[in-house]
Amino acid sequence: DKPSIVKSLPLSGMWFYKQGYEGYVEERRVDSCNYLHSRGVTREEVERYDIRYSLEKSGPYKNTIIFPVTRVGSISTLDYFVCRRYDGTKPKYVNAPWPKGDTLFITKDESNLSDVYVIVEGILDALAIARAGFIGVALLGKKPTSQQLDRLRKTSKRFLIYLDSDAFAQTVELKMQLNTLGIRASFIEHDND
């Protein structure tokens, strides 16, 4: 059962470390909060998306920040989760132990200033796109599944693709796949200077 896997993880709620805090603060909490701060994540985003960190002392979820991905319109129906290491160890990401299927992380909410959907690889990228006023759509990787492509087709008819600079071939392939489905898609090429 998907939700029970996440519920069984030793998670703690996230909060932001403040300079000059006098009391005892668990090192992992501070490290994970500092990492989120460095990526521009706000306290409101932590609360809105229920971002957590793992309390595991060993195992695959040690030193990870956990991003639960829920079904659109339901905060209780877990689709997937992505864990991001904040300490620089490998692997950088640890995903849910089941296929992602049609799961997408979409930031659409009342704060979006534009109806442009921007496709990116990861959740932190999608959050940054949302802070810029667009709708961030994280594929949770470089290549979409056929189910994700179908869900994108049902979501919008217009996308901008902005995958990481090491994913140019995947960017071009995704543009062609979306165009074949009748979806207008453009991409932004990274400047390699």
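Not measured: the values here are computed from a predicted model.

Student: What exactly am I supposed to notice about the overall build of the chain here?
Tutor: When you go through the chain residue by residue, the secondary structure sums to six helices and ten strands. Expressed as a percentage of contacts within the chain between residues at least 6 apart in sequence, the contacts between residues at least 24 apart total 55%. By element, 51% of the accessible surface of the chain is carried by carbon and sulfur atoms, the whole surface being about 10,400 Å².

Student: Any chance you could explain unusual backbone geometry here in plain terms?
Tutor: For the bond from Lys-90 to Pro-91, the omega torsion is -5°, close enough to zero to count as cis. Residue position: Pro-91 is located in the loop between strand 4 (78-85) and strand 5 (93-95). In this structure, Asn-63 takes a positive phi of about 55° despite not being glycine. Its place among the elements puts Asn-63 in the loop between strand 2 (52-54) and strand 3 (64-70). Even without a glycine there, the phi angle at Leu-140 is positive, about 65°.

Student: When you look at the packing of aromatic side chains in this model, what are you seeing that I'm missing?
Tutor: For any pair of aromatic rings, the description consists of the separation of the ring centres together with the inter-plane angle of the planes. Throughout the structure, instances matching the rule amount to six aromatic pairs. Relative to Phe-105, the ring of Tyr-49 has its centre 5.1 Å away and its plane inclined at 55°; by these criteria the two rings are tilted. Of this pair, Tyr-49 sits in the loop between helix 3 (43-48) and strand 2 while Phe-105 sits in strand 6 (residues 105-106), and the two are 56 residues apart along the sequence. Each member of the pair, Tyr-49 as well as Phe-105, carries the same accessibility label: buried. Through a chain of ring-to-ring contacts, three or more aromatic side chains come together here, namely Tyr-61, Tyr-80, Phe-81 and Trp-98.

Student: Hey, could you run me through the environment of Glu-45 in this one?
Tutor: Along the chain, the position of Glu-45 falls in helix 3. Each C-alpha atom, one on Glu-45 and one on Leu-127, is 8.0 Å from the other, the two residues being 82 residues apart in sequence. Glu-45 has contacts with Gly-40, Asp-50, Ile-51, Leu-127 and Arg-131, leaving out every residue within four places of it along the chain.

Student: Help me understand helix 6 (residues 168-180), please; the structure alone is not making it clear to me.
Tutor: Helical periodicity: at 3.6 residues per turn, an α-helix aligns residues three or four positions apart in one direction. Its 13 residues give helix 6 an end-to-end C-alpha distance of 19 Å, which sits within 8% of 18 Å, the value for a rise of 1.5 Å per residue. Where helix 6 is concerned, the buried positions are Thr-171, Leu-174 and Leu-178. Along helix 6, the residues classed as buried sweep out an arc of 65° about the axis, all on the same side. The exposed set on the far side of helix 6, more than 90 degrees from its buried face, consists of Ala-169, Met-176 and Thr-180. Once helix 6 ends, the next one or two residues include Gly-182, with phi positive near 85°.

Student: What is the right way to read the sheet that holds strand 10 (residues 184-187) from this model?
Tutor: The pairing of strands in a sheet comes from backbone hydrogen bonds and takes either a parallel or an antiparallel form. Spatially, five strands are ordered 6-8-7-9-10 in an open sheet, and the strand pairing comes out mixed. The sheet terminates laterally at strand 6 and strand 10, the two strands that pair on one side only. Of the strand pairs in this sheet, strand 7 (residues 117-120) and strand 9 (residues 158-161) are connected by three bridges, and their pairing is parallel. Residue pairing across strands places Tyr-117 opposite Phe-159, the latter belonging to strand 9. Running over the sheet, helix 6 touches strand 7, strand 9 and strand 10 and is turned about 165° from strand 10.

About the criteria used
- Residues numbered from 1 in each chain as written.
- Predicted model: local features only at pLDDT ≥ 70, side-chain atom pairs only at ≥ 80, totals over all residues.
- Heavy atoms only, no water.
- Helix = DSSP H or I, 4+ residues; strand = E, 2+ residues; numbered from the N terminus.
- Contact = heavy atoms within 4.5 Å.
- Areas by Shrake-Rupley, 256 points an atom, 1.4 Å probe, with all protein chains shown as cover.
- Phe/Tyr/Trp six-rings, centres within 6.5 Å; stacked < 30°, edge-to-face > 60°.
- Buried < 20%, exposed > 50% of the residue type's maximum accessible area, 1.4 Å probe, protein only.
- Expected span 1.5 Å × (residues − 1).
- Arc of directions from axis to C-beta.
- Pairing = 2+ DSSP bridges.
- Axes fitted to C-alpha atoms, helices over the stretch in contact; angles between N-to-C directions.

Don't take any of this as a statement about function, it's just geometry.
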